[in-house]
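# An overview of the molecular structure
Okay, here's what each chain looks like letter by letter:
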Amino acid sequence: MVPMRSLVPIETNRTTLRALTDGDLKEVHAVLGDPATCGGRSFFQPNQESTAAWIGRRIVHQRTHGFSIWAVQDSVTHELVGLAGLFPSAGHEAEIGYVIRADRQQEGLATEVVAAIVDAADCERLALFATIRAGNEASIRLATRSGFKPSGTDRGERGELL
């Protein structure tokens, strides 16, 4: 993957997507360590040490590629309400990923954030794909509304992937 200019910050109507910092540990772990939000998902981090390592990898990806998974901050309260962004992949493509705190789901934040990420990636001519667990109907609907098309299924360590 060829490094590009940083895609963040990205402003939406209700959020700001920004690069993660080591200072985000407590708020990021509140998202990634919450079984209601991330239980059974690849994002789940069982303790602050694993969350700190996860953040460190995202910081390196941001520096190396110009994108990564970012903090999703509420524009009014400035609290971290989720994480979203892009994982590097082969060539000039990336995988989109997102997670919104359980207490802030069903507000349309994921829809808003994914649309902004798709637009930013499009400006950079970066091809995107999404990997979604079978049965995650909300993410399947969001991906469809955002222009993603099914390309098949695969089997991951946690079950069937679409």
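Look a little higher up for the structure.
Conventions we followed
Residues numbered from 1 in each chain as written. Predicted model: local features only at pLDDT ≥ 70, side-chain atom pairs only at ≥ 80, totals over all residues. Heavy atoms only, no water. Helix = DSSP H or I, 4+ residues; strand = E, 2+ residues; numbered from the N terminus. Rg over C-alpha atoms; globule rule 2.2 N^0.38 Å. Buried < 20%, exposed > 50% of the residue type's maximum accessible area, 1.4 Å probe, protein only. Contact = heavy atoms within 4.5 Å. Areas by Shrake-Rupley, 256 points an atom, 1.4 Å probe, with all protein chains shown as cover. Lys, Arg positive; Asp, Glu negative; His and termini not counted. Charge placed at Lys NZ, Arg CZ, Asp CG, Glu CD. Phe/Tyr/Trp six-rings, centres within 6.5 Å; stacked < 30°, edge-to-face > 60°. Core = buried A, V, L, I, M, F, W, Y, C linked by side-chain atoms within 4.5 Å. Salt bridge = Lys/Arg side-chain N within 4 Å of Asp/Glu carboxyl O. Arc of directions from axis to C-beta.

### Remarks on the overall build of the protein chain
What the protein chain contains, in helices and strands, is 5 helices and 8 strands. For 162 residues, the compact-globule formula gives about 15 Å, and the C-alpha radius of gyration of the protein chain, at 15 Å, lands near that figure. Each principal axis of the C-alpha atoms in the protein chain carries an extent, and together these give about 35 × 35 × 30 Å. In the protein chain, which comprises 162 residues, the proportion classed as buried is 43%. For the protein chain, contacts bridging at least 24 residues in sequence account for 59% of all contacts bridging at least 6. Surface accessibility of the protein chain: about 8500 Å² in total, with carbon and sulfur atoms responsible for 52%. When the 17 positive and 20 negative side-chain charges of the protein chain are each reduced to one mean point, those points stand 2 Å apart.

### As for the packing of aromatic side chains
All chains considered together, the criterion is met by 2 aromatic pairs. Residues F43 and F87 carry aromatic rings whose centres are separated by 6.0 Å and whose planes lie at 45 degrees to one another, so their mutual orientation is tilted. Of the two residues, F43 is situated in the loop between α2 (35-38) and α3 (48-65) and F87 in strand β4 (residues 80-88); the sequence distance between them amounts to 44 residues. Judged by its relative accessible area of 9%, F43 is buried. An aromatic cluster is built from F43, W54 and F87, whose rings are joined through pairwise contacts.

### Digging into the nonpolar core
With 26 residues, the main nonpolar core has I10, L17, F67, W70, L86 and I117 as its most contacted residues. Only β3 (69-74), β4, β5 (93-100), α4 (109-123) and α5 (137-145) provide two or more residues apiece to this core. Residues L32, F43, W54 and I59 belong to the second largest nonpolar core, which totals 14 residues.

### Points about the pattern of salt bridges
Counted by the stated rule, this structure contains 7 salt bridges. What you see here is one network of salt bridges that share partners, running through D74, E79, R101, D103, R104 and E107.

### Some points on the environment of S75
Positionally, S75 belongs in the loop between β3 and β4. A relative accessible area of 26% means that S75 is categorised as partly exposed. As a C-alpha pair, S75 and T144 span 69 residues in sequence and 26 Å in three-dimensional space. Setting aside residues up to four positions removed in sequence, S75 forms contacts with T12, R14, T15 and T16.

### As for α5
Inspection of α5 places S139, L142 and A143 among the buried residues, and these make up the whole buried set. For α5, the buried positions fall inside an angular range of 100 degrees around the axis, keeping them on one side. Within α5, the exposed residues directed more than 90 degrees away from the buried face are T144 and R145. The inward-facing, buried residues of α5 contact β5 and α4. G147 sits one or two residues past α5 and shows a positive phi near 100 degrees.

### Details of the side chain of D24
Considering the arrangement of structural elements, one finds D24 in the loop between β2 (15-18) and α1 (25-32). The class for D24 is buried, based on a relative accessible area of 5%. Beyond its immediate chain neighbours, meaning those up to four positions away, D24 contacts R18, A19 and I55.

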